[in-house]
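# Close look at the chain arrangement
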Amino acid sequence: MDAAFMAGGALYPLDQIVRTEPEWLGVWRQRLALKCAMAAVRLAGRIEDETALRDAWLLRRPGDDPGPSGQILSAWKRLASRSTALDVKSLEAVADLLGIRWDDALASLPDTFDDLRLGGAAAPLAAAGVIARTVSVRTDAEMLGWWLADLLLADKLRWPVPVPLMMSQRFSPVFRGEANRGRIRPGEEEFERAVCLALVQAAAEASRLATDIARRAERLAVVTPKLRAKGAGDAIRLLLSEDAVSGTLQTARLSRFASRRLFERLQQLDAVRELSGRPTFRIYGL
């Protein structure tokens, strides 16, 4: 079976999720963004894992720099909460988050993006094309190419907001060449096929994650009427829209003390998980 056709079929369940717009769509996208950021951090030669990335993002004070890896996470979080429109200014901001030096060569990428967006290539092939074109412009900008691939994929599929998928597969075995030839690189003969197979894998993983989050969101909805905290609704909305929430969340209606008690109660009711594994500075999520 043609690899592009297989990828298109694998994306169909995700298309149904996006168009149904379940209340947990935000947390699903953001959890996928974290997964992509982990692969991007590895590509950047850094070692932060899932816990370290969450800490960099959630435990900083407002306005603090989350550090290089936290900035990379920020780029994928931004992808998971924006439209598919692209211009030079917005792309330069993303490049800065990814630690990629901006120049006139990268400034040409929005035009490349538009050419591929308006072209007749299937969405998976267009995604492979934008990665290859980015690397041909600047070999050190590969990470930006993977970011653009999900943006282009969403545009092709007419999704209002991208679903982070591609970067998570950057180190997948599908990019290993035959006969120990090394990794299949953007622009090489087998790269398009490898991208299509990677999308099949990414879509399957995203579908399994959606099933798990939907089950957890259903449990959260069941226990919500039992909550007495006045600001519980603020925490619930964040749990449904973000990958994770600080256990000392403060809002206009929820103090740090009340927040801590609320999350402990939700954990007792099996409605949230504690994600840090620590007795202090705890982090919660579906």
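These lines cover the structure that appears in this document, whether it is placed above or below. Each chain carries its own residue numbering, running from 1 in the written order of its sequence. In keeping with the predicted nature of the model, local features appear solely for residues at pLDDT of at least 70, side-chain atom pairs appear and are counted solely at 80 or more, and the whole-chain, interface and lining totals rest on all residues. Only hydrogens and water are set aside when side-chain values are computed; all heavy atoms of the structure are taken into account.

### With respect to the side chain of aspartate 15
Secondary structure elements are taken from DSSP: a helix is a run of H or I of four residues or more, a strand is a run of E of two residues or more, and numbering for both begins at the N terminus. In this fold, aspartate 15 is placed in helix H1 (residues 3–20). N or O atoms within 3.5 Å of each other form a polar contact, as long as, within protein, one can give a hydrogen and the other can take it, and as long as residues adjacent in sequence are counted only when both atoms are side-chain atoms. Side chain to side chain, aspartate 15 and tryptophan 159 meet in a polar contact 2.8 Å long. Not counting the four nearest positions on each side in its chain, aspartate 15 is found in contact with Leu157 and Trp159. Should any heavy atoms of two residues lie within 4.5 Å, those residues are considered in contact.

### Re the packing of helix H2 (residues 25–43) against helix H11 (residues 232–241)
The convention used is that axes are lines fitted to C-alpha atoms, helices contributing only their stretch in contact, and that angles between N-to-C directions extend from 0 to 180 degrees. Direction vectors running N to C along H2 and H11 enclose 50°, while the axes themselves pass 5 Å from each other. Considered as vectors, H2 and H11 are oriented oblique to each other. Contacts between H2 and H11 pair Gly26, Val27 and Gln30 from the former with Leu239, Leu240 and Ser241 from the latter. The nonpolar class holds Ala, Val, Leu, Ile, Met, Phe, Trp, Tyr, Cys and Pro. Asp, Glu, Lys and Arg form the charged class, and all remaining residues, Gly among them, are polar. Among the residues making up the contact of H2 with H11, the classes are represented as three nonpolar, three polar and no charged. For classification purposes, angles smaller than 35 degrees are called roughly parallel, those larger than 145 roughly antiparallel, those between 65 and 115 roughly perpendicular, and all remaining angles oblique.

### Some words on the nonpolar core
Throughout, nonpolar core names a set of buried Ala, Val, Leu, Ile, Met, Phe, Trp, Tyr and Cys residues whose side chains join them through atoms within 4.5 Å. Each residue gets one of three labels from its accessible area relative to the maximum for its type: buried under 20%, exposed over 50%, partly exposed in between, using a 1.4 Å probe on protein chains only. In this structure, Trp28, Trp76, Leu144, Leu148 and Leu266 are the most contacted members of the largest nonpolar core, which totals 94 residues. With 15 residues, the single largest contributor to this core is helix H10 (residues 191–223).

### Details of helix H8 (residues 123–137)
Here H8 spans 21 Å end to end across 15 residues, near enough to the 21 Å set by a 1.5 Å rise per residue. The element H8 is largely enclosed, with a buried count of 11 among its 15 residues. Here H8 has its buried residues at Ala123, Pro124, Ala126, Ala127, Ala128, Gly129, Val130, Ile131, Ala132, Thr134 and Val135. Here, expected helix span is obtained from the residue count minus one, scaled by 1.5 Å.

### Structural notes on the sheet that holds strand S1 (residues 245–246)
Each strand in a sheet pairs with its neighbour through backbone hydrogen bonds, running either in the same direction (parallel) or in the opposite one (antiparallel). If DSSP finds at least two bridges between two strands, the strands pair. Strand order in the open sheet formed by three strands is S1-S3-S2, and the pairing between neighbours is antiparallel. The two strands at the open ends of the sheet, each matched to only one other strand, are S1 and strand S2 (273–274). Pairing between S2 and strand S3 (residues 283–285): two bridges, direction antiparallel. Looking across to S3, one finds that glutamate 274 is bridged to tyrosine 284.

### Comments concerning the packing of aromatic side chains
In summary, the pairing rule links any two rings of Phe, Tyr or Trp, Trp by its six-membered ring, whose centres are within 6.5 Å, and it sorts them by plane angle into stacked for under 30 degrees, edge-to-face for over 60 and tilted for everything else. Scanning all chains against the criterion turns up five aromatic pairs. When the ring of phenylalanine 175 is compared with that of phenylalanine 191, the centres are 5.7 Å apart and the planes differ by 35°; the resulting orientation is tilted. On the criterion of sequence distance, the pair formed by phenylalanine 175 in the loop between helix H9 (142–157) and H10 and phenylalanine 191 in helix H10 is long-range, its members being 16 residues apart. In this structure phenylalanine 191 comes out as buried when scored by relative accessible area, which is 2%. An aromatic cluster is defined as three or more aromatic residues linked by ring pairs; in this entry it consists of Trp146, Phe175 and Phe191. Only Lys NZ and Arg CZ are tested; either one counts as a charge over a ring when it is within 6 Å of the ring centre and within 35 degrees of the ring normal. Here arginine 42 stacks its cationic end above the ring of phenylalanine 171, 3.9 Å away from the centre of that ring. Arginine 60 extends its terminal NZ or CZ atom over the ring of tryptophan 57, reaching a point 4.1 Å from the ring centre.

### Focus: unusual backbone geometry
Positive phi, normally seen in glycine, also occurs at arginine 158, with a value near 60°. Along the chain, arginine 158 turns up in the loop between H9 and H10. For arginine 158, a relative accessible area of 72% gives the class exposed. You will see that aspartate 270, though not glycine, has its phi angle at about 60°, which is positive. Summarising the element assignment, aspartate 270 is placed in the loop between helix H12 (256–268) and S2. Owing to a relative accessible area of 56%, aspartate 270 belongs among the exposed residues under this scheme.

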